[in-house]
Amino acid sequence: MAGFAELGLSSWLVEQCRQMGLKQPTPVQLGCIPAILEGRDCLGCAKTGSGKTAAFVLPILQKLSEDPYGIFCLVLTPTRELAYQIAEQFRVLGKPLGLKDCIIVGGMDMVAQALELSRKPHVVIATPGRLADHLRSSNTFSIKKIRFLVPTPCLLRLMLQVMDEADRLLEQGCTDFTVDLEVILAAVPARRQTLLFSATLTDTLRELQGLATNQPFFWEAQAPVRTVEQLDQRYLLVPEKVKDAYLVHLIQNFQDEHEDWSIIIFTNTCKTCQILCMMLRKFNFPTVALHSMMKQKERFAALAKFKSSIYRILIATDVASRGLDIPTVQVVINHNTPGLPKIYIHRVGRTARAGRQGQAITLVTQYDIHLVHAIEEQIKKKLEEFPVEEAQVLQILTQVNVVRRECEIKLEAANFDEKKEINKRKQMILEGKDPDLEAKRKAELAKIKQKNRRFKEKVEQTLQRQKASRTDRRGRPPRARPEASLSLAPAQGPA
Ligand SMILES: Nc1ncnc2c1ncn2[C@@H]1O[C@H](COP(=O)(O)OP(=O)(O)OP(=O)(O)O)[C@@H](O)[C@H]1O
């Protein structure tokens, strides 16, 4: 098998790889590095934890060493934590170059960032919102001459006009960054290399390949299953009301059976994340939370404590589902069944990375069974049931529910919902929007949507009745159906 040197990388980079413990290139690195060095755009799709970061960092560093100037490369990431992780890979692998990197993410000092940008770093790693803010407010730096753009999947789709609503919400953790991405797109040069890697873009990437004008190199890992083989994927059917007792039971068992352990638990909202963190701490589990309602410094501190194994449990929203590489994670628990298979793939991909074993357990209520089917269809694998001693869960049920209620009351007293609302309003003001106007607009939009929905339902009902009456006429004499005369005239439609 070819080593890093055979891929066309210089000896200093091969040495850096060796020092980092990267002995042989992974398949995605083998496939993509030569094409990137040839100057081609690259779209790569490979499973989670398969080394996609080094697949673009290494050739970028190689090219930078041949013709160094700043700002040479722009990397966009969906989350702030991921920006720091990618910057670290650039820093370590690019050490002999004296690489200057710059991280531009929200929640950190804007003036300090502007100063750093004006010093022409070689590589800028940014989240779209904050970078767009800098582009709007400052003329002390330019990304007009970048050689490489490593966009979030969302940006690439926007460039090719194939982005849908779900993508926008998903890529941006429920904030629509379309406007920011447009600002960034207008600021980068047309002549550049674009490199895009993802674990979940197979279908879209194929679509993009057809649309792109400059014939990008397309690489896809060939595998019957879309998740990692070393990952044991389970589900646990639980009634909604006893979910938390099952969660506590699972953690307790895992703690009893393992010396060295670490778990990531994913929840669907910041509030649930916070409540469960408080609850697990009451049971003396060493837990830290990570969600977007926390201050950025608290987010970094939580992640650092978890990475250093001081805390064994990270309970997080989807801010932690993308790209985070924490090799010690053995188990991922989905406290809610993800609504989209993509999210499931990214979440469970936080374990079983780089050839390690791992386990994912998804708590499924009776209302989520269709979601599990959608996930299974997408990953092309059936989840197996996780066996649990129900009697043991029943023993702790009351205690868990009481503790949870106590935590809910405590959080309510701390005005969590109110703080969330204030944060939202602050964010809107920073984005130059009027919060009251936005609220009015949202309410109007909801009204129109509801009207549309009602109209659609009426049309469907009418069509069904018409169909039924036709069948009746063919079979037996029609019965009187006064309500079936609903017409499809435009006057019935939404305003
Ligand atoms: N050639 C290699 N040999 C051994 N380990 C490697 C190699 N390349 C990367 N790794 C390690 O594999 C781990 C996962 O890499 P990386 O974070 O780039 O995965 P990824 O494919 O981007 O995952 P995700 O889709 O979850 O973002 C990292 O700890 C990285 O150091």
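For the structure itself, consult the block above.
From a predicted model like this one, the values you see are computed outputs, not experimental measurements.

Now for the sheet that holds strand β3 (residues 101-104). In space, the seven strands of this open sheet follow the order β3-β4-β2-β5-β6-β1-β7, with parallel pairing throughout. Each edge of the sheet is formed by a strand with only one pairing partner; in this case those strands are β3 and β7 (217-220). Within the sheet, the average angular offset between the axes of one strand and its neighbour, ignoring direction, is 10 degrees. As judged from the four bridges shared by β3 and strand β4 (residues 123-126), these two strands associate in the parallel manner.

Inspection of the region around the ligand gives 19 residues, with Q24, K52, T53, D325 and R353 positioned closest. Q24 places a main-chain nitrogen or oxygen 2.7 Å from a nitrogen atom of the ligand. R353 places a side-chain nitrogen or oxygen 2.8 Å from an oxygen atom of the ligand. Contact with the protein chains covers 85% of the free accessible surface of the ligand, which is 640 Å². Class assignment for the residues of the shell around the ligand results in five nonpolar, nine polar and five charged.

All right, on to the environment of D109 then. Its location among the elements puts D109 in the loop between β3 and α5 (110-118). For D109 and F217, which are 108 residues apart along the polypeptide, the C-alpha to C-alpha distance reads 38 Å. Only 3.2 Å separates the side chain of D109 from the backbone nitrogen of A112, close enough to count as a polar contact.

Right, let's get into the pairing of β4. Taking every second residue as pointing to the same face, both faces of β4 are buried, with V123 and I125 on one and V124 and A126 on the other. In this structure, strand β2 (residues 73-76) lies alongside β4, joined through four bridges in parallel fashion. By the bridge assignment for β4, V75 is matched with I125. Each parallel crossover has a hand, and for β3 linked through α5 to β4 it is right-handed.

Taking strand neighbours across the sheet as the criterion, the seven strands line up as β10-β11-β9-β12-β13-β8-β14 in an open arrangement whose pairing is parallel. The open sheet is flanked by β10 (287-290) and β14 (384-385), the only strands paired with a single partner. Here strand β8 (residues 231-237) runs beside β14; their pairing, made up of two bridges, is parallel. In the sheet register, Y235 faces β14, and the bridge partner there is E385. Across the sheet, helix α12 (residues 270-282) touches β9 (263-266), β10 and β11 (313-316), and the angle it forms with β10 is around 175 degrees.

About the criteria used
- Residues numbered from 1 in each chain as written.
- Predicted model: local features only at pLDDT ≥ 70, side-chain atom pairs only at ≥ 80, totals over all residues.
- Heavy atoms only, no water.
- Pairing = 2+ DSSP bridges.
- Helix = DSSP H or I, 4+ residues; strand = E, 2+ residues; numbered from the N terminus.
- Axes fitted to C-alpha atoms, helices over the stretch in contact; angles between N-to-C directions.
- Near = heavy atom within 4 Å.
- Polar contact = N/O pair within 3.5 Å; in protein donor to acceptor, adjacent residues only side chain to side chain.
- Areas by Shrake-Rupley, 256 points an atom, 1.4 Å probe, with all protein chains shown as cover.
- Nonpolar A, V, L, I, M, F, W, Y, C, P; charged D, E, K, R; others polar.
- Buried < 20%, exposed > 50% of the residue type's maximum accessible area, 1.4 Å probe, protein only.
- Right-handed = clockwise from strand over helix to strand, strands pointing away.
- Contact = heavy atoms within 4.5 Å.

Take it as geometry only, folks, not as evidence of what the structure does.
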